[in-house]
Amino acid sequence: MRKTLLAAAAMALVLGPAQAADEVTLQLKWVTQGQFAGYYVAQDKGFYEEEGLDVTIKPGGPDIAPPQVIAGGGADVVVDWMPSALASRERGVPLVNIAQPFKKSGMMLTCLKETGITKPEDFRGRTLGVWFFGNEYPFLSWMSQLGIPTDGSDNGVTVLKQGFNVDPLLQKQADCISTMTYNEYWQVIDAGIPEEELIVFKYEEQGSATLEDGLYVLEENLEDPAFVDKMARFVRASMKGWNYARENPDEAADIVLENDATGAQTEMHQRRMVREINKLTEGTDGTLDLEDYQRTVMTLLSGGSDPVITKEPEGATTTVVTDKM
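Because the structure is predicted, anything quoted here is derived from the model rather than measured.

Asker: Where do I start with the overall build of the protein chain in this structure?
Answerer: Secondary structure assignment for the protein chain yields twelve helices and ten strands. Relative to the compact-globule value of 20 Å for 325 residues, the protein chain shows a C-alpha radius of gyration of 22 Å, a close match. The principal-axis extents of the C-alpha atoms in the protein chain amount to approximately 90 × 45 × 30 Å. Residues counted as buried form 51% of the 325 residues belonging to the protein chain. Within the protein chain, residue pairs in contact and separated by at least 24 positions form 78% of the contacts whose partners lie at least 6 positions apart. Where the 28 positive side-chain charges of the protein chain centre and where its 50 negative ones centre are 3 Å apart.

What follows is the structure, given as C-alpha cells:
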C-alpha cells in the first residue's frame with residue numbers, strides 16, 4: 001500500500017496540478033434564442049472547453065441592460081448593439097468592441113399595407129412603434145436623416161414606446177412597428193397577417209443600419225495580457241460555434257431549445273430564427289470591419305439637435321483580441 005501511495009505521489013509530481021479552466025461570464029442582450037446560437041453551440045460542442053474556458057452564459061431580458069451588468073462586475077464580456085455601447089461609453093461606461101460576429105443589421109420597420117405607407121416619407125403623421133432601452137438610437141437617427149420630427153406633430157411621427165412584442169400592429173395601435181428579420185416579423189405572420197399584407201423598411205437598405213450584436217468588454221481589462229488572451233480564445237471558440245450553426249442550423253436551434261429554461265421557445269420559431277440569423281453572420285470571421293464601424297458612428301452623429309453621440313468616439317474598438325486569433 002505504501003509503495004502504491006508513493007508511486008501515485010510521484011506521478012502527481014510529474015504531471016503537476018490539473019490546469020483549471022479560465023472562467024468567462026457572457027451576458028446576452030436578450031433571452032435565450034437563436035439570436036445567440038453561436039455561443040450555445042460553442043458551449044454544447046465543447047469548443048470553449050477545447051480553449052481551456054469555463055463559460056457561463058447569462059440570458060438577458062427586458063429589464064437587463066448589458067452595459068449596466070458589466071459595469072457592476074456581473075460579466076466579463078457582453079453582447080450589445082453598437083449604438084447602445086457607444087452611447088454608454090460617452091456616458092462613462094468604457095465599453096470597447098473586441099469582435100463583431102454580426103456583419104449585417106436585422107432591424108426594420110414593418111407596416112400594414114392598408115395604411116397606404118409605401119415609402120419612408122409617408123411616415124409623417126403616423127404612429128410608429130419603437131423599442132427603447134438603447135434600441136431606439138438607430139430609429140431616431142434615421143428620422144433625423146429624413147428630417148422627420150419625432151414630437152407627435154402633424155409633420156412628424158408619434159413614437160409609441162413598444163414592448164418587446166407585436167401587439168401594437170395586431171391591435172392597430174400603430175401603423176408600423178419595430179421588428180427583427182429573425183424574430184418579430186415572423187410573429188406578425190404567425191399571428192395571421194400574411195406577408196402580402198405587409199411592407200417592410202430594412203435599416204440596412206435605408207442607409208441607416210448600425211452594427212448589432214458585437215462583443216464588448218471594459219477598457220481597463222484590456223490592459224491585462226492574460227485577459228486579452230482569454231478573450232481571444234473566447235472569440236475564436238465563439239466564431240467556431242457560429243460557423244457550426246451556419247452549417248447545421250437545425251441542430252443549432254435544438255441546442256438553443258435545450259438551453260431555454262423558460263420553455264417559451266418553439267422548435268419551428270427557433271429553426272427559422274437560426275436560419276435568418278445565419279444571413280447576418282455570413283462573411284465575417286468576427287473581426288470588426290472599420291467601414292461598418294465608421295458608418296455606424298456617422299449615423300449616430302447625424303441626429304440633428306439630438307444626436308445619439310455628440311462626438312466621434314476614441315478608443316471604442318480594438319483589434320488586440322482578434323489579432324491573437
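Asker: Where do I start with the nonpolar core in this structure?
Answerer: When a protein is soluble and globular, its nonpolar side chains tend to lie buried together. Membership of the largest hydrophobic core comes to 64 residues, with the highest contact counts inside it found for Tyr39, Ile98, Phe123, Leu215 and Phe234. The greatest single-element share of this core, amounting to ten residues, is contributed by helix 9 (residues 225-247). Excluding anything up to four places from it in sequence, Ile98 contacts Val77, Leu215, Val217, Leu222, Met231, Val235, Thr318, Val321 and Thr322. Val78, Val93, Leu211 and Tyr216 belong to the second largest nonpolar core, which has 21 residues in total.

Asker: Looking at this model, I keep getting lost on the state of the cysteines. Mind explaining?
Answerer: The term disulfide refers to a covalent linkage connecting the sulfur atoms of a pair of cysteines. Within the structure shown, the criterion is met by one disulfide. The disulfide bridge from Cys111 ends at Cys176, spanning 2.1 Å between sulfur atoms. An S-S torsion of about 105° defines the bridge between Cys111 and Cys176 as right-handed. Here the residue Cys111 occupies a position in strand 5 (residues 107-112), and Cys176 occupies one in strand 8 (residues 176-180), the gap between them amounting to 65 residues. Grouping residues by exposure puts Cys111 and Cys176 together as buried.

The rules behind these values
- Residues numbered from 1 in each chain as written.
- Predicted model: local features only at pLDDT ≥ 70, side-chain atom pairs only at ≥ 80, totals over all residues.
- Heavy atoms only, no water.
- Helix = DSSP H or I, 4+ residues; strand = E, 2+ residues; numbered from the N terminus.
- Rg over C-alpha atoms; globule rule 2.2 N^0.38 Å.
- Buried < 20%, exposed > 50% of the residue type's maximum accessible area, 1.4 Å probe, protein only.
- Contact = heavy atoms within 4.5 Å.
- Lys, Arg positive; Asp, Glu negative; His and termini not counted.
- Charge placed at Lys NZ, Arg CZ, Asp CG, Glu CD.
- Core = buried A, V, L, I, M, F, W, Y, C linked by side-chain atoms within 4.5 Å.
- Disulfide = S-S within 2.5 Å.

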